[in-house]
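# Tertiary structure, described
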Amino acid sequence: MKKTIFIKMLMLFMAFSISSCCDEKPEQVEGMEVTSTSPEFSELARKINPNLDCQRIDCCFMDGVETSCALVNACLEAGFCKMVATE
């Protein structure tokens, strides 16, 4: 009984340890440029572009189109974008 509880506690500890170590997100940097392998992300960047207010939000570039850095980070986290350059 004690052995089973100990193993469950150990597995729970390891699960929390692994989840916290791999929780690293790309840093949101204004002016960051990425290329996308996803036509959906590229199309969304083009649709967002006319409505941007870069004075109020951070703007980045995806496939040469100015878009929000939030979209760029989502694309990076999903694995559909690669960083090209930062300012």
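Further up the page is the structure itself.
Before going into details, it helps to say that this report is about the structure given with it. Since the model is a prediction, treat every value here as computed from it, not as a measurement.

## Regarding the overall build of the protein chain
Summing up its helical and strand segments, the protein chain has three helices and four strands in all. For the protein chain, the α and β elements follow one another from N to C terminus as α-β-α-β-β-α-β. Buried residues in the protein chain amount to 24% of all 87 residues. Intrachain contacts of the protein chain at a sequence separation of at least 6 include 63% that bridge at least 24 residues. For the protein chain, the computed accessible surface area is about 6600 Å², with 59% contributed by carbon and sulfur atoms.

## Thoughts on the nonpolar core
Core analysis: the largest hydrophobic core is formed by twelve residues, namely Met 32, Val 34, Phe 41, Ala 45, Cys 60, Met 62, Cys 69, Leu 71, Val 72, Cys 75, Leu 76 and Cys 81. Those elements giving two or more residues to this core turn out to be helix 2 (39–48), strand 2 (59–62) and helix 3 (69–78). Of the residues forming this core, the biggest block, five residues, is contributed by helix 3. Ignoring sequence-local partners within four residues, the contact set of Cys 81 consists of Val 34, Thr 35, Ser 36, Met 62, Cys 75 and Leu 76.

## A look at the packing of aromatic side chains
According to the stated counting rule, one finds one aromatic pair in the structure shown. Ring plane angle 40 degrees and centroid distance 5.9 Å describe the contact between Phe 41 and Phe 80, whose orientation is recorded as tilted. Taken together, the residues Phe 41 in helix 2 and Phe 80 in the loop between helix 3 and strand 4 (81–85) connect sequence positions 39 residues apart. You can call Phe 41 buried: its relative accessible area is 16%.

## Brief notes about the side chain of Ser 42
With respect to the element layout, Ser 42 can be found in helix 2. When its relative accessible area of 11% is taken as the criterion, Ser 42 is described as buried.

## Some points on the sheet that holds strand 2
Spatially, four strands are ordered 3-2-1-4 in an open sheet, and the strand pairing comes out mixed. Bordering the open sheet on either side are strand 3 (65–68) and strand 4, each of which pairs with just one other strand. Across this sheet, the average inter-strand angle for adjacent strands is 40 degrees, counted without regard to direction. Taken together, the four bridges between strand 2 and strand 3 define a ladder with antiparallel strand orientation. Within strand 3, the residue paired with Phe 61 across the bridge is Glu 66.

Parameters at a glance
- Residues numbered from 1 in each chain as written.
- Predicted model: local features only at pLDDT ≥ 70, side-chain atom pairs only at ≥ 80, totals over all residues.
- Heavy atoms only, no water.
- Helix = DSSP H or I, 4+ residues; strand = E, 2+ residues; numbered from the N terminus.
- Buried < 20%, exposed > 50% of the residue type's maximum accessible area, 1.4 Å probe, protein only.
- Contact = heavy atoms within 4.5 Å.
- Areas by Shrake-Rupley, 256 points an atom, 1.4 Å probe, with all protein chains shown as cover.
- Core = buried A, V, L, I, M, F, W, Y, C linked by side-chain atoms within 4.5 Å.
- Phe/Tyr/Trp six-rings, centres within 6.5 Å; stacked < 30°, edge-to-face > 60°.
- Pairing = 2+ DSSP bridges.
- Axes fitted to C-alpha atoms, helices over the stretch in contact; angles between N-to-C directions.

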